[in-house]
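So you can see what is in the structure, the chains are spelled out below.
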Amino acid sequence: MRRVYFDNSATTPVLPEVFEAMRPYFSEHFGNASSIHHHGQETRAAVEHARESVAALLGCRAAEVVFTGGGTEADNLAIFGIVDAGDHVITSTVEHHAVLNACRHLESEGCEVTYLPVDGRGLVDPQDVRRALRSSTKLVTVMTANNETGVLQPVEEIGKVAAEADVYFHTDAVQAAGKVRIDVKAIGCDLLAISGHKLHAPQGVGALYVRKGTALVPMLYGGRHERSRRAGTENVPGIVGLGKAAELARTKLESGDGAMVAMRDRLEGALLRVKSSGNNGAGAPRVPQTSSMYFDGIDGEALVIALDLKGLAVSTGAACSSGAIEPSHVLTAMGMSADRARASIRFSLGQQNTMEEVKFAIGLVGETVARLRELSPKAVVSRQSSVVR
Ligand code: PLP
């Protein structure tokens, strides 16, 4: 059966060039990057080369890049590395659980956390950040791009508010890196998290930008790896993969290639013609890869399963919330009813996707929505008009 993968916000396939770059570091160049002999020096050079590539993607110095075991670890290191008991933290209601649950843990340890609302487009108001500031505020953490809707937050304005108040600013850029240009100086952040597997590098590797001079307390106790900011022998093949993926992403972003936007717009344009459908986050700036759409009267989980049976992989939102009965915290925070949030699915494109696959998806989604509406007692729209070619 033909299989089309439109769930690149959950994870992306490792690009062939990335895989080739990593390959020698499993068995040929296997040294521990901390060893002083030839084998160690070889892998140390590869790690430092990757650090330069990640730094170039983010617009920072190589020494400001700390490799981690993924995006969750990078977010946790940023938050727990800065915040002490009694501090106040400002975040948003639409963050990924890597940030939300870290904040909830802080609350259990005696910190106070303000969860800022978003508007109907999913945007945080930077003035709300300003209003939430207290003398005890230590950290503002607001994501760059949302994983469910792709909505881009006004991080540069939030960065200015944080800088004026002299509080640390962390941003989770896991869903933004490699998709839109990132410049840590323009954002004005002190900490920024990325994850390899969202930009065609392997799972289990990520990085945290830590602005020079930031007093970050490590989470792990061990050796003095990563300038004592993250103990543990480096995942050399993973880091090499992240470096290569960062290089490729940067070249692609600089070339201004509009293929992704064209595919996304074609998909959305066609699916918006399905009766009682809509785009979550419409009107807000978004990354080109992600489209969250609702089809009223449809159960999103049922649609995801029906599409999978026909060869199209999409998701109901965050991968980790699949199977959960609760509607998406992101969509409900945007003011959407629980029913409409449950009627939403996420399409997320990657470098490997083609316009031909988009056309396949358009036909399949239109037919499947129509079929499910016929079956569903909750059907709220005319059946014939659901089919899109
Ligand atoms: N932050 C965001 C916005 C994400 O989408 C994800 C993963 O879905 C993470 C953090 C966690 O990254 P990782 O899977 O590398 O731990």
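As a reminder, the structure under discussion sits directly above these lines.
Residues numbered from 1 in each chain as written. Predicted model: local features only at pLDDT ≥ 70, side-chain atom pairs only at ≥ 80, totals over all residues. Heavy atoms only, no water.

S.K.: Whenever I open this one, the site of the ligand confuses me. Can you help?
M.R.: Around the ligand there are 13 residues in total, and Gly-71, Thr-72, Asp-172, Ser-195 and Lys-198 lie nearest to it. Note that an oxygen atom of the ligand is positioned 3.3 Å from one of the side-chain N or O atoms of His-96. Between an oxygen atom of the ligand and a side-chain N or O atom of Ser-195, the distance comes to 2.6 Å. For the ligand, whose free accessible area comes to 390 Å², the fraction covered by protein is 85%. Considering each element in turn, the shell around the ligand owes the most residues, three residues, to helix α4 (residues 71-80). Split into classes, the residues belonging to the shell around the ligand amount to two nonpolar, eight polar and three charged. (Near = heavy atom within 4 Å. Polar contact = N/O pair within 3.5 Å; in protein donor to acceptor, adjacent residues only side chain to side chain. Areas by Shrake-Rupley, 256 points an atom, 1.4 Å probe, with all protein chains shown as cover. Helix = DSSP H or I, 4+ residues; strand = E, 2+ residues; numbered from the N terminus. Nonpolar A, V, L, I, M, F, W, Y, C, P; charged D, E, K, R; others polar.)

S.K.: Teacher, can you tell me more about the pairing of strand β10 (residues 290-295) here?
M.R.: Side-chain positions along a regular strand alternate between the two faces of the sheet. By the criterion of burial, β10 is predominantly enclosed, with six of the six residues buried. The alternating pattern of β10 places Thr-290, Ser-292 and Tyr-294 and Ser-291, Met-293 and Phe-295 on opposite faces, both of which are buried. Bridging between strand β9 (residues 277-280) and β10 involves four bridges; their strand directions are antiparallel. If you follow Asn-279 over to β10, its bridge partner there is Met-293. Sheet topology places β10 next to strand β12 (residues 344-348); five bridges connect them, and they run antiparallel. When the bridges of β12 are listed, Ser-291 appears paired with Phe-347. (Buried < 20%, exposed > 50% of the residue type's maximum accessible area, 1.4 Å probe, protein only. Pairing = 2+ DSSP bridges.)

S.K.: Looking at this structure, I do not really get the sheet that holds strand β4 (residues 112-116). What am I missing?
M.R.: Strand pairing in a sheet relies on backbone hydrogen bonds. The paired strands run either parallel or antiparallel. In spatial order, the strands read β2-β8-β7-β6-β5-β3-β4; together these seven strands make up an open sheet with mixed pairing. Because the sheet does not close on itself, it has two edges, and the strands there are β2 (65-68) and β4. Within this sheet the neighbouring strands show an average axis-to-axis angle of 20°, counted without direction. Bridge analysis of β2 against strand β8 (residues 206-210) gives four bridges, and the strand direction is antiparallel. Along β8, the bridge assignment pairs Phe-67 with Ala-207. (Axes fitted to C-alpha atoms, helices over the stretch in contact; angles between N-to-C directions.)

S.K.: What exactly am I supposed to notice about the side chain of His-225 here?
M.R.: Looking at the secondary structure, you find His-225 in helix α9 (residues 225-228). Residue class for His-225 comes out buried when judged on its relative accessible area of 15%. Not counting chain neighbours up to four residues away, the residues in contact with His-225 comprise Ser-34, Arg-230, Ala-231, Gly-232, Thr-233 and Glu-234. (Contact = heavy atoms within 4.5 Å.)

S.K.: Looking at this model, I keep getting lost on the state of the cysteines. Mind explaining?
M.R.: In a disulfide, the sulfur atoms of two cysteines are held together by a covalent bond. This structure, assessed with the given rule, holds zero disulfides. The closest cysteine sulfur to the non-disulfide-bonded Cys-60 is located on Cys-189, 8.9 Å from its own sulfur. According to the relative accessible area criterion, Cys-189 is buried, its value standing at 0%. (Disulfide = S-S within 2.5 Å.)

S.K.: Please clarify how the pattern of salt bridges should be interpreted in this entry.
M.R.: Following the criterion strictly, the structure yields 24 salt bridges and no others. Glu-64 serves as the salt-bridge partner of Arg-61, at 3.9 Å between the closest nitrogen and oxygen. Between Arg-264 and Asp-265 there is a salt bridge, with the nearest N and O atoms lying 3.0 Å from each other. The class for Arg-264 is buried, based on a relative accessible area of 10%. The exposure class assigned to Asp-265 is partly exposed, which follows from its relative accessible area of 40%. Each of Arg-44, Glu-48, Arg-51, Glu-226 and Glu-234 takes part in salt bridges that share partners, so that together they form one network. (Salt bridge = Lys/Arg side-chain N within 4 Å of Asp/Glu carboxyl O.)

S.K.: Where do I start with the sheet that holds β12 in this structure?
M.R.: Within the open sheet, the three strands sit side by side as β9-β10-β12. Their pairing is antiparallel. Either end of the sheet is taken by a strand with one partner, and the two such strands are β9 and β12. Neighbour to neighbour, the strand axes of the sheet diverge by 30° on average, direction disregarded. Of the strands in this sheet, β9, β10 and β12 touch helix α11 (residues 259-271), which is tilted by about 5° from β10.

S.K.: Can you walk me through unusual backbone geometry in this structure?
M.R.: Here the phi dihedral of Glu-226 falls at roughly 50°; this positive angle occurs in a residue that is not glycine. Mapped onto the elements of the fold, Glu-226 is located in helix α9. Even without being a glycine, Ser-228 presents a positive backbone phi close to 65°. Within the element layout of this structure, Ser-228 appears in helix α9. Of the residues examined, Ser-228 reaches a relative accessible area of 36% and is grouped as partly exposed.

S.K.: When you look at the environment of Ser-315 in this model, what are you seeing that I'm missing?
M.R.: Note that Ser-315 resides in the loop between β11 (312-313) and α13 (329-333). Excluding residues that lie within four positions of it along the chain, Ser-315 makes contacts with Asp-7, Val-304, Ile-345 and Arg-346.

S.K.: I would appreciate a short explanation of the packing of helix α3 (residues 38-58) against helix α10 (residues 236-255) in the present structure.
M.R.: Geometry of a packed helix pair, given as the angle between the helix axes and the separation of the axes. One can describe the packing of α3 onto α10 by two numbers: an axis separation of 8 Å at closest approach and a directional angle of 35°. As for how α3 packs across α10, the hand of that crossing is left-handed. Across the interface between the two elements, Thr-43, Ala-46, Val-47, His-49, Ala-50, Ser-53, Val-54, Ala-56 and Leu-57 from α3 touch Val-236, Ile-239, Val-240, Leu-242, Gly-243, Ala-246, Glu-247, Ala-249, Arg-250 and Leu-253 from α10. Classifying every residue of the contact of α3 with α10 gives 13 nonpolar, four polar and two charged. (Left-handed = near helix turned anticlockwise from the far one by under 90°.)

Scope: geometric values only; no functional claims are made or implied.
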